[in-house]
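One-letter residues, chain by chain:
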Amino acid sequence: MEEKKTVFSYLANIFMIFGVTVLIISVLTVLCGEEAREVSTIFALGGKGIPVVTILQFFLTSVLTATINMILFSDGLIRKVPLWCRTVFMLLAEVIMVVIFVAAFGWFPMDMWEPWVMFFASFLVCFGVSVGVTVLKEKMENRKMEAALERIRKEGYGYQDGNSN
């Protein structure tokens, strides 16, 4: 069931993405911030926190991600492209965006394979969780719609006595 997109749903999407991102970076900061301090600008403060400039960079990625999502998954904008194709474009756009941010902001060295493996592993985990949550949400919404339809049928298509008069 497609819900009507508004500026508020767009802003909510930005802040949801941003919140999850900051949560993940916070956990990583606690777990490996001290070790990653010398390698990554994300962990410049070690285990003590996330630099404000990094938080702003991740906010920008959230805005870009929500914008790409809105463009690719809004049926009004791209109607004839299959969902799987839009999903592939979304994944490619996200990877390209991260590569640009890694290069521009020194999130980690471009020539080290370990951070790239960690990035792709976390990217795949987050994508998998996102797909799982989306499928679960869709199933729950479908069940609600089926229950409402069944209730309408039992009530005689909206009339209390079953008559249309």
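Each remark here, short or long, concerns the structure printed above.
In this text the structure is predicted, and so the values were computed from the model without any measurement.

What's the story with helix H1 (residues 7-36) in this structure? I'm lost.
One turn of an α-helix holds 3.6 residues; hence residues three or four places apart share an orientation. Helix length check: H1, at 30 residues, gives a terminal C-alpha distance of 38 Å against a target of 44 Å (1.5 Å per residue), a shortfall beyond 12%. The complete set of buried residues in H1 reads Asn-13, Ile-14, Ile-17, Phe-18, Thr-21, Ile-25, Thr-29, Gly-33 and Ala-36. On its buried face, H1 sits against helix H2 (52-73). Where H1 begins, the capping side chain belongs to Thr-6, and its oxygen is found 3.2 Å from the backbone nitrogen of Phe-8.

When you look at the packing of helix H3 (residues 83-105) against helix H4 (residues 113-154) in this model, what are you seeing that I'm missing?
The geometry of a pair of packed helices is captured by two quantities: the angle between their axes and the separation between those axes. The interhelical angle for the contact between H3 and H4, taken along N-to-C directions, is 145 degrees, at an axis separation of 12 Å. The chirality of how H3 crosses H4 is right-handed. Two secondary-structure elements touch here, H3 through Thr-87, Leu-91, Glu-94, Val-95, Val-98, Val-99 and Val-102 and H4 through Trp-116, Phe-119, Phe-120, Phe-123 and Phe-127. Of the residues assigned to the contact of H3 with H4, the class counts are ten nonpolar, one polar and one charged.

Just to check I follow, could you spell out the pattern of salt bridges for this structure?
Opposite charge on two side chains makes pairing possible when the charged atoms of those side chains draw close. Under the defined criterion, the tally for this structure stands at three salt bridges. Its salt-bridge partner being Arg-37, residue Glu-34 comes within 3.5 Å of it at the nearest N-O pair. Judged by its relative accessible area of 41%, Glu-34 is partly exposed. Of the charged contacts, one joins Lys-137 and Glu-141 as a salt bridge, the two residues approaching to 3.9 Å between their closest N and O atoms.

Is there a simple way to think about the packing of aromatic side chains in this case?
Counting across every chain of the model gives ten aromatic pairs. Plain terms: the ring middles of Phe-101 and Trp-107 are 5.4 Å apart, the flat faces sit at 45 degrees to each other, and that makes the pair tilted. Like Trp-107, Phe-101 is buried. An aromatic cluster of three or more residues is present, and its members are Phe-108, Trp-116, Phe-119, Phe-120 and Phe-123.

Teacher, can you tell me more about the packing of H1 against H2 here?
It is at 8 Å that the axes of H1 and H2 come closest, and there the two elements cross at 135 degrees. Considering their axes alone, H1 and H2 lie oblique with respect to each other. The crossing of H1 and H2 is right-handed. Together, Tyr-10, Asn-13, Ile-14, Phe-15, Ile-17, Phe-18, Thr-21 and Ile-25 of H1 and Ile-55, Phe-58, Phe-59, Ser-62, Val-63, Thr-65, Ala-66, Thr-67, Asn-69 and Met-70 of H2 make up the contact between the two elements. For the contact of H1 with H2, a count of residues per class yields twelve nonpolar, six polar and no charged.

The rules behind the values
Residues numbered from 1 in each chain as written. Predicted model: local features only at pLDDT ≥ 70, side-chain atom pairs only at ≥ 80, totals over all residues. Heavy atoms only, no water. Helix = DSSP H or I, 4+ residues; strand = E, 2+ residues; numbered from the N terminus. Expected span 1.5 Å × (residues − 1). Buried < 20%, exposed > 50% of the residue type's maximum accessible area, 1.4 Å probe, protein only. Contact = heavy atoms within 4.5 Å. Polar contact = N/O pair within 3.5 Å; in protein donor to acceptor, adjacent residues only side chain to side chain. Axes fitted to C-alpha atoms, helices over the stretch in contact; angles between N-to-C directions. Left-handed = near helix turned anticlockwise from the far one by under 90°. Nonpolar A, V, L, I, M, F, W, Y, C, P; charged D, E, K, R; others polar. Salt bridge = Lys/Arg side-chain N within 4 Å of Asp/Glu carboxyl O. Phe/Tyr/Trp six-rings, centres within 6.5 Å; stacked < 30°, edge-to-face > 60°. Parallel < 35°, antiparallel > 145°, perpendicular 65-115°, else oblique.

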